[in-house]
Amino acid sequence: MLNEIVQPLISWYRQNKRILPWRDQKNAYYTWVSEIMLQQTRVEAVKPYFLRFIGELPDVKALAECPEEKLMKLWEGLGYYNRVRNMKNAAQTVVSEYSGILPASYEELLALKGIGSYTAGAIASIAYDIPVPAVDGNVLRVFSRITEDRQDIMKQSVRRQVEEKLLEIMPKEAPGDFNQALMELGAVVCVPNGPARCTECPIAEFCRAYHHGTVDELPVKAPKKKRTIENRTVFVIQDGERTAIHKRPEEGLLAGLYELPNAEGHLSMDEALERVKEMALEPLYIEALPEAKHIFSHIEWRMTGYRIRVSSLEERKESSFIFTEKKQSEKQYAIPSAFRAYIKYMKEKSGK
Ligand code: SF4
């Protein structure tokens, strides 16, 4: 019975698919870049990033050779920077072992750094017409509703079951369209937030949850682990027009990116001034900035901030600081969006 969804889904997809820049042509590299970007980010937000990325790095070789700072800059704002580091690593393997062309093999794709079963399936089926499934969160949701399956979709074993069932019905002549149809249905009809649009669904007649009135109960997901809350204080330390930033450690959260200096905890104004003096700077003026929040996957930062005017940044002894004005920083240094609320206080060079 499940195989009855295949043709209606493919026809619906071909008539209704959204026009997206990575769908213009079959190109394994474009599919790869877009799928990695889409892992944590909405389609509309990804579009300009994708176009800029492939404009600067048009193929695997360009990605493999891209300097780290430039790569971080191209990814700035997308978050989860290890994704793009893994991409570069995989691109280097593709250059050395596959002459710069992503392999047309599900298993070989899967062996590349940062490519899991979903991404390998998407590249293999969309770019190379290989009949393998590509199961992401959208597909898991749609599938659990069609089959009225109440197993926890966060479990790897459930994902594997879905992959196996989809493999059985995978149309050999259009695996890419079938996979994309399932994803698209999950993105625009059988949506994650808000009510599913079952009256517009091309496979409603085959959907068990729809027939039994259980759509709102599915999918079943085990509750996520609670995020750890971390309080931080962010310093916008400035002389006339420049602001102090420094590089984060090469390991851990936001590794190797740049940041505004910051400290654990919510510091009072006096504590903040003390901290700045410990950096061998001479504070002249301090102003409290509004609070801000940033959510990472497992951690939530609750931030307070201070803008602190210092006498001269030249006299600093804190050698890890870089002093930059806003435009130069935008061009050169990737600062994660966690600091967005405070970056706006950086200054332009006077006269610009
Ligand atoms: S009928 Fe409704 S619940 Fe079933 S797949 Fe379609 S949109 Fe999803």
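Residues numbered from 1 in each chain as written. Predicted model: local features only at pLDDT ≥ 70, side-chain atom pairs only at ≥ 80, totals over all residues. Heavy atoms only, no water.

## Describing the packing of helix H1 (residues 6-16) against helix H11 (residues 175-188)
Spelled out, the test is: For helices, the fitted axis covers only the stretch in contact; all axes are lines through C-alpha atoms, and the angles between them, taken along N-to-C directions, range from 0 to 180 degrees. What counts as a helix is a DSSP run of H or I of at least four residues, what counts as a strand is a run of E of at least two, and both are numbered from the N terminus. In what follows, roughly perpendicular refers to angles from 65 to 115 degrees, roughly parallel to angles under 35, roughly antiparallel to angles over 145, and oblique to any angle outside these ranges. For this analysis, residues touch if any pair of their heavy atoms sits within 4.5 Å.
Relative orientation of the contacting elements H1 and H11 amounts to 75 degrees, with a least axis distance of 9 Å. With respect to each other, H1 and H11 are oriented roughly perpendicular. Where H1 approaches H11, its residues Val6, Leu9, Ile10, Trp12, Tyr13, Arg14 and Asn16 are matched on the opposing element by Asp177, Phe178, Gln180, Ala181, Leu182, Glu184, Leu185 and Val188.

## A word on the packing of helix H9 (residues 137-146) against helix H10 (residues 156-169)
Applicable threshold: Gly is placed with the polar residues, together with every amino acid not listed as nonpolar (Ala, Val, Leu, Ile, Met, Phe, Trp, Tyr, Cys and Pro) or charged (Asp, Glu, Lys and Arg).
Contact geometry of H9 with H10 gives a least axis separation of 11 Å together with a crossing angle of 75 degrees. Taken together, the axis directions place H9 and H10 in an arrangement best described as roughly perpendicular. Judged by residue contacts, Val139, Leu140 and Phe143 of H9 engage Arg159, Val162, Lys165 and Leu166 from H10. For the contact of H9 with H10, the residue count by class is five nonpolar, no polar and two charged.

## Some thoughts on the domain arrangement of the chain
Put simply, the rule reads: Domain boundaries shown here were taken from an automatic or database domain assignment. As used here, buried area is the combined drop in accessible area, with a 1.4 Å probe, of two parts when they are placed together. Counted as salt bridges are all cases of a side-chain nitrogen of Lys or Arg within 4 Å of a carboxyl oxygen of Asp or Glu. Counted as a polar contact is a pair of N or O atoms within 3.5 Å, where, for protein atoms, one must be capable of donating a hydrogen and the other of accepting one, and residues adjacent in sequence contribute only when both atoms are in side chains.
Splitting the chain by domain gives domain 1 (2-217) and domain 2 (228-343). For domain 1 and domain 2, the distance between their C-alpha centroids amounts to 37 Å. Listed per partner, the contact involves eight residues of domain 1 and 18 residues of domain 2. Of the roughly 870 Å² buried between domain 1 and domain 2 on both sides combined, carbon and sulfur atoms contribute 46%. Contact with domain 2 buries surface across domain 1, with Glu69, Lys73 and Tyr81 losing the most and accounting together for 52% of the total. Summed over the shared surface of domain 1 and domain 2, the number is one salt bridge. As a salt-bridge pair, glutamate 69 and lysine 247 come within 3.5 Å of each other at their nearest N and O atoms. Linking domain 1 with domain 2 are six residue pairs in polar contact (both at pLDDT 80 or more), by the criterion used here. Considered class by class, the residues forming the side of domain 1 that touches domain 2 number three nonpolar, one polar and four charged.

## Section: the site of the ligand
The test is simple: Near, as used in this document, describes a residue that has one of its heavy atoms within 4 Å of the molecule or strand being considered.
Around the ligand lies a shell formed by Arg145, Val189, Cys190, Cys198, Cys201, Ala204, Cys207, Tyr210 and Val215. Residue composition of the shell around the ligand, grouped by class: eight nonpolar, no polar and one charged.

## Observations regarding the nonpolar core
Grouped burial of nonpolar side chains is what soluble globular proteins tend to show. For clarity, the cut-off: For our purposes a nonpolar core is just a set of buried Ala, Val, Leu, Ile, Met, Phe, Trp, Tyr and Cys residues, chained together by side-chain atoms within 4.5 Å. We call a residue buried when its accessible area falls under 20% of the maximum for its residue type, exposed when it is over 50%, and partly exposed in between, using a 1.4 Å probe and counting protein chains only.
Core analysis: the largest hydrophobic core is formed by 64 residues, its most contacted members being Tyr29, Trp32 and Phe53. Among the elements that make up this core, the one with the highest residue count is helix H2 (residues 28-38) (seven residues). Split by domain, the residues of this core number at least three in each of domain 1 (2-217) and domain 2 (228-343). For phenylalanine 53, the residues in contact, after removing those within four places along its chain, are Tyr29, Val33, Met37, Leu63, Leu71, Leu74, Trp75 and Val84.

## Topic: the packing of aromatic side chains
Put simply, the rule reads: Pairing of aromatic rings covers Phe, Tyr and Trp, the last counted by its six-membered ring, and requires centre-to-centre distances within 6.5 Å; plane angles under 30 degrees mean stacked, over 60 mean edge-to-face, and any other angle means tilted. Counting as a charge over the ring demands two things of the Lys NZ or Arg CZ atom: a distance within 6 Å of the ring centre and an angle within 35 degrees of the ring normal.
Applying the stated criterion across every chain, the model contains nine aromatic pairs. The interplanar angle of 75 degrees and the centroid separation of 5.1 Å between the aromatic rings of phenylalanine 296 and tryptophan 301 together place this pair among those described as edge-to-face. Each member of the aromatic cluster is reached from another via a ring pair, and the members are Trp22, Tyr29, Tyr30, Trp32 and Phe50. Taking the ring centre of tryptophan 301 as reference, the NZ or CZ of arginine 232 above it sits at 5.2 Å.

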